[in-house]
Amino acid sequence: KHSESHAMAADETLEDVSEPAALMRSMEMRALQFILQRESALEIVSELGKQGYVQFVDQNSHVSVFERIYVRDIRRCEDLERQLRLFREMMKSMDVPEQPEVGTSDETLEELQTQFHDLEEELTKLTSAKKTLATDVRHKQEYQGLLKAGSEIFDIVRSAQAWSASPQQIAREASAGEEPGSVEEGEGAGRYLESIAGVVARDTRVALERAVFRTCRGNVYMQFRDVPNTAEWEEPEDVQAFVFYVSGKKAAEKVNRLCTSLSARKYHMPNSLAEIQALEPEIARAIEDLLTVIESQKARMKDLLARASSTMEGHARKIREAKAVYATLNLFSPYLAHKTSKTEKSDKTESVGDGSRMSGALFFGEGWAPAHHVPRIRAAIVAAEARVSAGMPSMVTEVEGPVHGPPPTYLPTNKVTQGFQALIDSYGIARYQELNPGVPAIVTFPFLFGIMFGDIGHGSLLTLLALFLIIQEKSLGAQKLSEIPAQVFFARYTLLFMGLFSVYCGFIYNEMFGFALNLWGGSCWKDGNPTCVYPVGVDPVWCWSANKLGLFNSLKMKISIVIGVSQMLFGISCKVANSLHFRKYKDLFWEAIPETVFMMSIFGYLVLLIFIKWGTDWVGLGLPAPSLLDNLIIMFLKPGTPIPEDKVLYRGQGTVQIMLLGFAMAAVPLLFFPKPYLTCREKRPGYSAIHPKTSEDNDVEGGENQEHEDDGASELYIHQLIHTIEYVLGCISNTASYLRLWALSLAHSELSEVFWDRVVLAALKVESSWAVPALVVAITMWAVLTVAVLMLMETMSASLHDVRLHWVEYMNKFYSGDGRKFSPFSFKALENTDEE
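Now for the packing of helix H1 (residues 38-51) against helix H10 (residues 374-388). Between H1 and H10, the shortest axis-to-axis distance is 9 Å and the interhelical angle comes to 135°. Looking at the two axes, H1 sits oblique to H10. Classified by chirality, the crossing of H10 by H1 is right-handed. Contact residues: H1 offers Glu39, Ser40, Glu43, Ile44, Glu47, Leu48 and Gln51, while H10 offers Arg376, Ile377, Ala380, Ile381, Ala384, Glu385, Arg387 and Val388. For the contact of H1 with H10, a count of residues per class yields seven nonpolar, two polar and six charged.

Our next topic: the sheet that holds strand S1 (residues 29-37). Pairing is antiparallel across the open sheet formed by four strands, whose spatial order is S2-S7-S1-S8. Bordering the open sheet on either side are strand S2 (55-57) and strand S8 (395-399), each of which pairs with just one other strand. Strand-to-strand twist of the sheet, defined as the mean angle between neighbouring strand axes without regard to direction, takes the value 30°. Looking at chain direction, S2 and strand S7 (residues 362-370) are connected through three bridges and run antiparallel. Across the sheet, Gln55 pairs through a bridge with Trp368, a residue of S7.

Attention now goes to the packing of aromatic side chains. Counted according to the given criterion, the structure contains 28 aromatic pairs. On the numbers, 5.5 Å between centres and 50° between planes, the contact of Phe34 with Phe56 is tilted. Within this pair, whereas Phe34 is found in strand S1, its partner Phe56 is found in strand S2, the two being separated by 22 residues in sequence. Among the residues examined, Phe56 registers a relative accessible area of 11% and is labelled buried. On the basis of an interplanar angle of 75° and a centroid distance of 5.4 Å, the ring pair of Trp756 and Trp782 is categorised as edge-to-face. Of this pair, Trp756 sits in helix H25 (residues 740-764) while Trp782 sits in helix H26 (residues 771-810), placing them 26 residues apart in sequence. Three or more aromatic residues joined by ring pairs form one cluster here, namely Tyr427, Phe570, Trp807, Tyr810, Phe814 and Tyr815. A cation sits over an aromatic face here: Arg205 above Phe224, 4.1 Å from the ring centre.

Residues separated by three or four positions in an α-helix point in the same direction, a consequence of the helix having 3.6 residues per turn. Spanning 16 residues, helix H13 (residues 456-471) covers 22 Å between terminal C-alpha atoms, matching the ideal 22 Å at 1.5 Å per step. Every buried residue belonging to H13 is among Ile456, Gly457, His458, Gly459, Leu462, Thr463, Ala466, Leu469 and Ile470, and all of these are buried. For H13, the N-terminal capping position is held by Asp455, with its side-chain oxygen 2.9 Å away from the main-chain nitrogen of Gly457.

Another point: the state of the cysteines. Inspection of every chain in the model, using the stated rule, returns zero disulfides. In this structure Cys216 is a free cysteine whose sulfur lies 9.9 Å from that of Cys259, the closest cysteine sulfur available. Given the relative accessible area of 7%, Cys216 is considered buried.

Turning our eyes to something else, we now look at the pattern of salt bridges. One pass over the structure, following the stated rule, counts 33 salt bridges. For the salt bridge of Arg431 with Asp818, the shortest nitrogen-to-oxygen distance reads 2.6 Å. Residue Arg431 is located in the loop between helix H11 (418-427) and helix H12 (438-453), and its partner Asp818 is located in the loop between H26 and helix H27 (827-835); the two are separated by 387 residues in the primary sequence. Put simply, Asp587 and Lys675 hold a salt bridge, and the shortest N to O gap is 2.7 Å. In this pair, Asp587 is assigned in helix H19 (residues 585-615) and Lys675 in helix H23 (residues 674-683), connecting sequence segments 88 residues apart. Put simply, Lys575, Asp587, Glu591, Glu595 and Lys675 are held in one network by salt bridges that share partners.

This part covers a nonpolar patch on the surface. Side chains of Leu580, Tyr585, Phe589, Ile593, Val597, Met659 and Phe663 sit close together on the surface and give an oily, nonpolar patch of about 650 Å² of accessible area. Sorting the residues of the nonpolar patch by element identifies H19 and helix H22 (653-672) as the ones contributing at least two each. No other element matches H19, which puts four residues into the nonpolar patch. If you trace the backbone, Leu580 turns up in helix H18 (residues 548-582). Given a relative accessible area of 46%, Leu580 falls into the partly exposed group.

About the thresholds
- Residues numbered from 1 in each chain as written.
- Predicted model: local features only at pLDDT ≥ 70, side-chain atom pairs only at ≥ 80, totals over all residues.
- Heavy atoms only, no water.
- Axes fitted to C-alpha atoms, helices over the stretch in contact; angles between N-to-C directions.
- Helix = DSSP H or I, 4+ residues; strand = E, 2+ residues; numbered from the N terminus.
- Parallel < 35°, antiparallel > 145°, perpendicular 65-115°, else oblique.
- Left-handed = near helix turned anticlockwise from the far one by under 90°.
- Contact = heavy atoms within 4.5 Å.
- Nonpolar A, V, L, I, M, F, W, Y, C, P; charged D, E, K, R; others polar.
- Pairing = 2+ DSSP bridges.
- Phe/Tyr/Trp six-rings, centres within 6.5 Å; stacked < 30°, edge-to-face > 60°.
- Buried < 20%, exposed > 50% of the residue type's maximum accessible area, 1.4 Å probe, protein only.
- Lys NZ or Arg CZ within 6 Å of the ring centre and 35° of its normal.
- Expected span 1.5 Å × (residues − 1).
- Polar contact = N/O pair within 3.5 Å; in protein donor to acceptor, adjacent residues only side chain to side chain.
- Disulfide = S-S within 2.5 Å.
- Salt bridge = Lys/Arg side-chain N within 4 Å of Asp/Glu carboxyl O.
- Patch = residues over 30% accessible without salt bridge, like charges linked within 9 Å, V, L, I, M, F, W, Y side chains within 5 Å.
- Areas by Shrake-Rupley, 256 points an atom, 1.4 Å probe, with all protein chains shown as cover.

Spatial relationships are all this shows, so hold off on functional conclusions.
Next comes the structure, spelled out in structure tokens:
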């Protein structure tokens, strides 16, 4: 959704203006000034938000956010959003589906505020009543479980003693000696039994049981029972019912205090089984009545939420757009103070925070817009004013010169280019009208990836994955994907290009899943014809030869150097183009050209030597192929000395190398000295004084100015010296960094070969009855390793190295990346942000 947030939604009533191509440089921008009437300001800004063409600039940066005109309206919108979130949470908890609505609500914010207030108030009352009734149901359920435990105790006593008397009668019989298990004497024991009943949390049950047992010294009869929870709409509370029978009032008081300290809820326990049996039906009926009332309230809440759900999305869009319009209007200045004198400004200034006193005031604002969209903006303002019948017309004028800094950068993208542009924007936004590396990256990024990942089979799998995402893009785009799948879907066309270039480089390497293919009529070596040339890629005979590794190392290393130097030279040529476009001729003549000379004299010459070595038939000449490394050592360490015959690549090599070395050495001082010297020379003329000063003042200030000029000159020289050192050393390190293309390509090829040879081919050598199962297991393991290691890990590794080559080795030659991204006020961008 990176590019979708910048898509322009044009109004159907406006003239269709085609968007010009902005490929290598950002689109031309215009600085606009808006003077809007208060009566039509809301409608105009809302219309501009539908178009999404204008990026407004804050005119009230000195004013606190809480003191601006529409802060109260924004808070009102935030309160409405809070109520919407509350309604949606209730709908989600009660399984009420939200019905999608197309379009925006036509009701005003005041009407929505009244509706939401009434709905929230009624839902709050129903929720509060439901919670109260739920608590009553829970307590009655606990009491019901408690009565069941009490009846079980009476049943136990009656079955054990064949008595139907009350616990007090049991105590009297026990004190008379008729019960052999009578309690001990003391604290009123043997007089009567006291019952304590209630419920306690399950995790507190053991602590309560031990405390009561120790307090009563074992003279206690206790029972615990689980309490059922039949209310499915309520979160279950894990509690247990308990009944204690203790002897004596003092012991009962102690047990009551223990229950209170452990947060146990106590209930009254009847003293006879008949009372318990009479209470149980009453409690059951009360619970059933309460559940019926709760279900009716729940149905009422569902009905209210269902009726509100049909307009929920439209109301949300209305509130979101209104809040954005008010926030944008807070960027406007409510006065024309910048066009009046200080006296007039003080007479016309009103309280910024009081919107009610702004009746009839003008709003002044500034912003940026693409040049070809200015006619649409003017037409939108006219159409908005016609709808509200404004008394005075609003105005929009183009302004020459910068408005609060340089213009923002607007680079339109589509679903194909958005992935490549996102890689560049992650490094930094291009300056206004600076060359955009995102366009060459459409080719260079997948091509460098293909060099590292080159394999026909693996590239085909990556291409098939990308094609699946492209074919299913409508259905997948409508879904809310998680973070990693969403990123993969966003870069689906980038993956497609990466897969296609991997297949291309796989044909060049003649590799498929780690083994060579004998295509195009077979190997040229089978007939022994020395003039035969294999049509495409490497002859397969090299993949089966003993010196395979040496050949591919040499080939891929030289390809890496050629590609790296070519891309860096292209980066320097982009710097030349930027210098010409911005008319920075000092950068052109004293940076770009010396850098090009230095690069071409050393590393461009190295590429030339590679092609000379490749294009010479050393076997036909009967000479060994000279070492390029030895030639470079002779060039730098032994300039002017004769080159040995076995090292010579072409005639006149020594003279050419001396000339190139001289060009490279001459380019270094030209890169360091002229630019800061010319810059200081341009700044040398001083500024004349406005007020007359004494000779003493002139001497003091003249010394200070001279000191500041010296400091500025020294900073320029130091900065240029650092740039020169970084560039000279960077040319060496950056060229060496491109050797990662060779390293990762070799690692990918060797891993593929190892997986095939050590897994599949090893299983084919099994000759026992386990041959077929071993082959099935081996193929499964090979497929898992291929997907996990080569398709996932190697893809991420090669992509990261590819990004590093673009950011560090290529883009630092010309790309500043310190621009401002064009972020227009757009309702569509608000929707995309809300979805994310």
